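For reference, the chains in residue letters:
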Amino acid sequence: MAGMSEPTPAPSGPTSEARPGGAWRPRSRVAWGALGLVALSTLTLVVTLALAIVPVAGGHVGLLGGLGLMLPVQFFPVALVMAVVGVAAWWRGARATVAAAVVGAVAALVVAAWPTWVLTRYADDLDVPVSLTEALEPVLNEDAPRDGVTYATAPDGTELRLDVWRAAAVTGRRPAIVKVHGGGWATGGRGETARWNRFLSERGFDVFDIEYRLAPAAHPLDAIADVKCAIGWVARNAGSLGVDPARISVFGTSAGGHLALLAALTPGDAALPASCPVPAGTTVRSVISFYGPVDLAAAYADTGSPSTVRRDLRRYIGGAPRRRPRSYRLLSPVTHVERGAPPVLMFMGDKDRIVPPGQADRLEAAFGAVGARSEIVRLPATDHGFDVNWTGPATQIARGVLERFLARYAR
C-alpha cells in the first residue's frame, strides 16, 4: 500500500545474540544441560590424558589412564565428535560450550595420537606390521574355559585341571606350550585371554592352559609346585598326547608370567619341588612372560599401585619382604638365572602402573650377566594388561614379535 515501507527481511543466519561470540552464559535449561554434559565429557578426557601420561595407582580413577592407553585409536572418533559439538555450539553462539568442546577435542586427540604414533614408530623399528584399520574395532581377548582334564591331585586333595587346545593342521610330534594365567596369585583360572590359545594353536602348538592353587588358601610354594607339575604331566604323557617332550615352552601373563619364568629357571630345584612326579631331566625350551614381576621385593617397593600389589604379595607370600626376605628371594626368578637358562621373551609397558617397568631391566641384566638369551620388548605408552584389547597396536606388536620368537626358539 502507498506510504508503507517494505518489511526488512529477517537475517538468514544466527542473530547477533545467537551467533558465535554472542554469549558466555547459557540462556536456557537446555543450554545449561548441554554445557554440563560437554564439560563433564571434557573433564573425563583431560583426566584420562593426565593419567595416561603420568600413571597413578590402578583401580578407580586410575583406570581411566589405562583405558586411554589400551584403546588409543578409539579416541580419534571421540575427538571428532567433540569437534562437531564445538562447531554446533559455535553456530548457536554458546561460547562456554565451544570452549569446553575445544579442550575436550584436543585432549581426546592427544590421547589418540600420542600412543598410536609412538607404537607405530616402535613397530617400524621392530619390523612388525600394525594395522590401524584393525585397531579401530576393539576385540576383547575374552575368557573361554573348556571342560578340561585333570592333570594331578595336589597333596592337599585339590583337583588340578587344564584345558587342551590342539595344534591346527600339524602332523607328527608337536611343540607344546603350558599357559599360566594371571590374577595376583589369588584370582583367575584356566581359559583366561583365550585368544592367545587360539593364536598359538593356529601356529602349530598344542596349548595346555592350566589352573593352579591360589592364595591365600595355598602355601607360597603351592602355585609354582603346580605349574611344575603341569609341565611334568605334559612331558610324562608326551607319547599319548602327540607332543615332543623336548619342545615344551611356558607362557604366562602378570602373576602367571612370574610363575612361568620361575618354573623355567628352576627345573629340579629341591627348594621348589613339583606337586606331582616329574620325569627326570624335564626342562623348558623357552619362556614367554607378559608383564610378570621378576624381583618380588623390588616390585613391592617400587610399584605404582602399592595398595593393590603389596596386598597381593603379602597374601601370596604371607607377609612383607622385611618379614619374609628368604621367601621373596626364593620366589624371585632373577635369583635363579644361570648359564644355560632357556631363552626368554618379555613384554613390558613403559606406563605399567602395576608391575614396575624396571623389572624388565632387572631380568635383562641377570640374563646378560650369564650370557643367556633374553628379548625384552619395552612397549611405549602401554599399561599393564594391554593384551585384553586383542586388536590394539600394542597387542599387534606383541603378536608379531611372539610369532618370530616362537619360530626361532620354541619349534
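Use the structure listed above.
Because the structure is predicted, anything quoted here is derived from the model rather than measured.

Caption draft 1: Representation of the state of the cysteines within the structure. With the rule as written, the count across this model stands at one disulfide. A disulfide bridge connects Cys-229 with Cys-276, and the sulfur atoms are separated by 2.0 Å. Residues Cys-229 and Cys-276 are joined by a disulfide whose S-S torsion is about 110°; by sign, that bridge is right-handed. Linking Cys-229 in helix α7 (residues 222–236) with Cys-276 in the loop between α9 (255–265) and β6 (287–290), this pair joins segments that are 47 residues apart in sequence.

Caption draft 2: Examining empty space enclosed by the protein more closely. Per the counting criterion, the structure on display carries two cavities of 30 Å³ or more. Empty space within the largest cavity amounts to approximately 60 Å³. For the largest cavity, the full set of lining residues is Leu-69, Met-70, Pro-72, Leu-119, Ala-381, Thr-382, Phe-386, Asn-389, Gly-392, Pro-393, Ala-394 and Thr-395. For the lining of the largest cavity, the secondary structure elements donating two or more residues are α2 (62–70) and α14 (393–409). No other element matches α14, which puts three residues into the lining of the largest cavity. Tallied by class, the residues present in the lining of the largest cavity amount to eight nonpolar, four polar and no charged. Computed from the structure, the second largest cavity encloses a volume of approximately 40 Å³. Every residue along the wall of the second largest cavity is listed here: Trp-185, Arg-213, Leu-214, Ala-215, Ala-218, His-219, Pro-220, Ala-223 and Tyr-316. In terms of residue class, the lining of the second largest cavity is built from seven nonpolar, one polar and one charged.

Caption draft 3: A look at the pattern of salt bridges. Scanning the entire structure with this criterion turns up 21 salt bridges. Residue Asp-312 is joined to Arg-315 by a salt bridge in which the shortest nitrogen-to-oxygen separation is 2.8 Å. Placement of the pair is Asp-312 and Arg-315 together in helix α11 (residues 306–317), with a separation of three residues, close to one helical turn. According to the relative accessible area criterion, Asp-312 is buried, its value standing at 11%. Since its relative accessible area comes to 30%, Arg-315 is described here as partly exposed.

Thresholds, definitions, all that
- Residues numbered from 1 in each chain as written.
- Predicted model: local features only at pLDDT ≥ 70, side-chain atom pairs only at ≥ 80, totals over all residues.
- Heavy atoms only, no water.
- Disulfide = S-S within 2.5 Å.
- Helix = DSSP H or I, 4+ residues; strand = E, 2+ residues; numbered from the N terminus.
- 1 Å grid on protein atoms, 1.4 Å probe; cavity = no way out; pocket = protein on both sides within 12 Å on 5 of 7 lines; lining within 4 Å.
- Points joined across faces, edges and corners; volume = space filled by probe spheres on them.
- Nonpolar A, V, L, I, M, F, W, Y, C, P; charged D, E, K, R; others polar.
- Salt bridge = Lys/Arg side-chain N within 4 Å of Asp/Glu carboxyl O.
- Buried < 20%, exposed > 50% of the residue type's maximum accessible area, 1.4 Å probe, protein only.

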